[in-house]
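Examining the three-dimensional arrangement
Here is what each chain is made of, one letter per residue.
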Amino acid sequence: MTSVQVDKQHDGTDGAVGGGEGYQRGLGARQIQMIAIGGAIGTGLFLGAGKAIHKAGPSLILAYAIAGLVIFFIMRALGELLMYRPVSGSFAEYAREFIGPFWGFVTGWTYWLFWVVTGITEVTAAATYMTYWWNIPQWISALVFTVVLYGANLISVKLFGELEFWFSMVKVTAIIGMILICAGILTVGFSDAGDTATVAHLWNQGGFFPNGVGSTLMTLQIVMFAFLAVELVGVTAGESKDPKTVLPKAINTVPWRIAVFYVGALIMILSVVPWTEFQPGVSPFVAAFEKMGLGVGAAIVNFVVLTAALSSCNSGMYSTGRMLRDLALNGQGPKVFTKLTKNGTPLLGLTFSASLMLVGVWINYVAPGKAFEYVVSFATISGMWAWIMILVCQIRYRAKANRGELPESSFKAPGAPFTSWFALFFIGMVIVMMGIDEGARVSLYCAPVWGLILGVSYLVLRSRDPEGAAFAKRS
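Further remarks concern unusual backbone geometry. Here the amide bond leading from Ala416 into Pro417 is cis, since omega sits at 10°, within 30 degrees of zero. Position of Pro417 among the secondary structure elements: in the loop between helix 20 (371-402) and helix 21 (418-436).

This is how it looks when you write it as structure tokens:
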């Protein structure tokens, strides 16, 4: 990378990299904040938490709190990198710079795959929620949602940001409303659950660890899945109006987001309804309102969680198109994906990704009862790869910055590199737990296969275009 390129990337004037690589800077502070807040409120919390509560009981609250701290370390590591160089390629771009071109190739394609799989997960969840009102086959709902969201993503990034703002507003408002209702039940005692609601439910139903600490550890992959997508703000860097001001503010909201939307919400729900009343595959939010005798409330919450799933899938389609274009721009993907529409939308990359998400329709057709479980574990392992790359890149960047080889970031991660090493250890522990869990182990079988595919693909790329494969070295 030349000194001119570095200077332009840091002041955000380079149209090729720092200036958004041809994208429109249409995402304002209000939209970025809500994308950051709403990005982590989706299927993992609204649907996946049901299975986790069934496994761990009230101790799930502690699992979310500890995992949330790790997520904050990851996000601050990402923030340090973003303020050093805010680029749309984000994780893949940093992997190319600090580890090597092959690792940028692997990270870009793996993150793309993560969002494709996550899109399938979210569409599956949305189709599941639809059965609350209508007894229609899940695959029909999945097909309709996939097509509609694809169409929505053909709009400008500004309108995408506005839609995501209101999607997130619905989710946030609903969770806060649910917390207030539960607080009212605990203090005033209205509804069917008023006579039995008590904070003592957190320890009276077999203790805080009713199934043992081991069972709580086994829920970590579900917990970490719930936090996947918090890193989405990094992908928006190339389309943010003022990334060096907006992104740090968005990242610093992580602690209170987790405290309110995960820890706070679970404390309230499990205080009003004993954890033994929840079942896997059923949204704990919907189940809680039904136990309270608030049927209308349950229907409203079901609509909200449906919105949450569709919002996450919408964000997934946004990310996949951008990641494919970043790979293509760096010579690590088909050049056809570099093309943008007049509105700044990567049409071909988006179309290719959306067509693969139709696999979710097939999964919902052949195995509607197991669809969510099948894809969640693979989404977790592929999503955590991006976190691993963020942490490794931040550790290497900090070492170079300390030696004076690179300019220091204006948004340093507190406690780094020790916090980054701790987060890496925690992610490693989650992967070990996934290997022990028979249901999640399939994702670890798939990971080497995916790695082999990427390795062979990179060798082919390098043989055909040595200069393109070594883009990071020559940049």
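Here the narrative resumes, following the displayed structure.
Another point: the environment of Met429. Within the secondary structure, Met429 is located in helix 21. Residue classification places Met429 among the partly exposed residues on the basis of a relative accessible area of 24%. For the pair Met429 and Leu220, spaced 209 residues apart in sequence, the C-alpha separation works out to 9.0 Å.

Now for the packing of helix 15 (residues 254-272) against helix 16 (residues 284-292). The geometry of a pair of packed helices is captured by two quantities: the angle between their axes and the separation between those axes. Running from amino to carboxyl end, helix 15 crosses helix 16 at an angle of 35°, the nearest separation of the two axes being 10 Å. Seen along the crossing, helix 15 lies across helix 16 with a hand that is left-handed. Within the contact between the two elements, helix 15 uses Ala265, Ile269 and Val272 and helix 16 uses Pro284, Phe285, Ala288 and Met292. For the contact of helix 15 with helix 16, a count of residues per class yields seven nonpolar, no polar and no charged.

Core analysis: the largest hydrophobic core is formed by 146 residues, its most contacted members being Leu60, Tyr64, Ile71, Ile74, Phe227 and Trp387. Ranked by the residues each element gives to this core, the list is headed by helix 5 (residues 60-84), at 17 residues. Excluding anything up to four places from it in sequence, Phe227 contacts Tyr64, Ala67, Gly68, Ile71, Ile258, Tyr262 and Trp387.

Conventions used here
Residues numbered from 1 in each chain as written. Predicted model: local features only at pLDDT ≥ 70, side-chain atom pairs only at ≥ 80, totals over all residues. Heavy atoms only, no water. Helix = DSSP H or I, 4+ residues; strand = E, 2+ residues; numbered from the N terminus. Buried < 20%, exposed > 50% of the residue type's maximum accessible area, 1.4 Å probe, protein only. Axes fitted to C-alpha atoms, helices over the stretch in contact; angles between N-to-C directions. Left-handed = near helix turned anticlockwise from the far one by under 90°. Contact = heavy atoms within 4.5 Å. Nonpolar A, V, L, I, M, F, W, Y, C, P; charged D, E, K, R; others polar. Core = buried A, V, L, I, M, F, W, Y, C linked by side-chain atoms within 4.5 Å.

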